[in-house]
Amino acid sequence: QVEVVESGGGLVQAGESLKLTCAASGSVNSINTMAWYRQAPGNERELVASVTKVGSTNYADSVKGRFTISRDTLRNTIYLQMNNLKPEDTAVYYCAVDSLGSHEFDYWGQGTQVTVSS
């Protein structure tokens, strides 16, 4: 079992920044990729950014150049630095964990709300 806990969401104005944190605990020895997803009302959940155990990253086109994902492998923690936030970034942000190295996300956090006002 893996517990996934996110933190750092909030309400900001357009152009401001936020940093999200996701910490995984429990059976973490085989964790490979960790990622951030988001879901806005009426929309499907979408991948925002991901990072593998060796540090390879991937970003959605909509956040490239504004968001940065990073990872502390020893602490099984990832971060999402979000700069120049836009109202369309408003969503619930979820952390996802591939706990077995199977290329599937099998554990998810409860989500943290990010709201960007114009």
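Refer to the structure presented above.
Presented here is a report on the structure given in the accompanying data block. (Residues numbered from 1 in each chain as written. Predicted model: local features only at pLDDT ≥ 70, side-chain atom pairs only at ≥ 80, totals over all residues. Heavy atoms only, no water.)

## A few points about the environment of Arg75
Position of Arg75 among the secondary structure elements: in the loop between strand S7 (67-72) and strand S8 (77-82). Judged by relative accessible area, Arg75 falls into the exposed class, the value being 59%. With 24 residues separating them in the primary sequence, Arg75 and Ser99 have C-alpha atoms 14 Å apart. (Helix = DSSP H or I, 4+ residues; strand = E, 2+ residues; numbered from the N terminus. Buried < 20%, exposed > 50% of the residue type's maximum accessible area, 1.4 Å probe, protein only.)

## Observations concerning the pattern of salt bridges
Applying the stated criterion across every chain, the model contains five salt bridges. For Arg38, the salt bridge is made with Asp89, and the minimal N-O distance between the two is 2.9 Å. Separated by 51 residues along the polypeptide, Arg38 in strand S4 (residues 34-39) and Asp89 in the loop between S8 and strand S9 (91-97) bring together distant segments of the chain. Asp89 shares its class with Arg38; the two are buried. The salt bridge involving Arg75 is made with Asp72; its shortest N-O contact spans 2.9 Å. Through salt bridges with shared partners, one network takes in Arg38, Glu46, Arg66 and Asp89. (Salt bridge = Lys/Arg side-chain N within 4 Å of Asp/Glu carboxyl O.)

## Observations concerning the packing of aromatic side chains
Under the criterion given, the structure shown has three aromatic pairs. Taken together, a centroid distance of 5.8 Å and an interplanar angle of 80 degrees make the contact between Tyr37 and Phe105 edge-to-face. One end of the pair, Tyr37, is in strand S4; the other, Phe105, is in the loop between S9 and strand S10 (107-108), and 68 residues separate them in sequence. Under the relative-accessibility criterion, Phe105 is labelled partly exposed at 24%. (Phe/Tyr/Trp six-rings, centres within 6.5 Å; stacked < 30°, edge-to-face > 60°.)

## With respect to the nonpolar core
With 30 residues, the main nonpolar core has Trp36, Leu80, Met82 and Tyr93 as its most contacted residues. At the level of secondary structure, the elements contributing two or more residues to this core comprise strand S1 (2-7), strand S3 (18-26), S4, strand S5 (46-51), S7, S8, S9 and strand S11 (112-117). Leu80 has contacts with Leu18, Lys19, Leu20, Trp36, Val48, Ala49, Phe67, Thr68, Ile69 and Tyr93, leaving out every residue within four places of it along the chain. (Core = buried A, V, L, I, M, F, W, Y, C linked by side-chain atoms within 4.5 Å. Contact = heavy atoms within 4.5 Å.)

## Section: the side chain of Asp98
You can see Asp98 is positioned in the loop between S9 and S10. It turns out Asp98 is buried and unbridged, and the closest side chain with the opposite charge, Arg71, is 8.4 Å from it. Among the polar contacts made by the side chain of Asp98, one reaches the main-chain amide nitrogen of His103 at a distance of 2.9 Å. When near neighbours in sequence (up to four residues on either side) are disregarded, Asp98 contacts Ser30, Ile31, Asn32, Thr33, His103, Glu104, Phe105 and Asp106. (Lys, Arg positive; Asp, Glu negative; His and termini not counted. Polar contact = N/O pair within 3.5 Å; in protein donor to acceptor, adjacent residues only side chain to side chain.)

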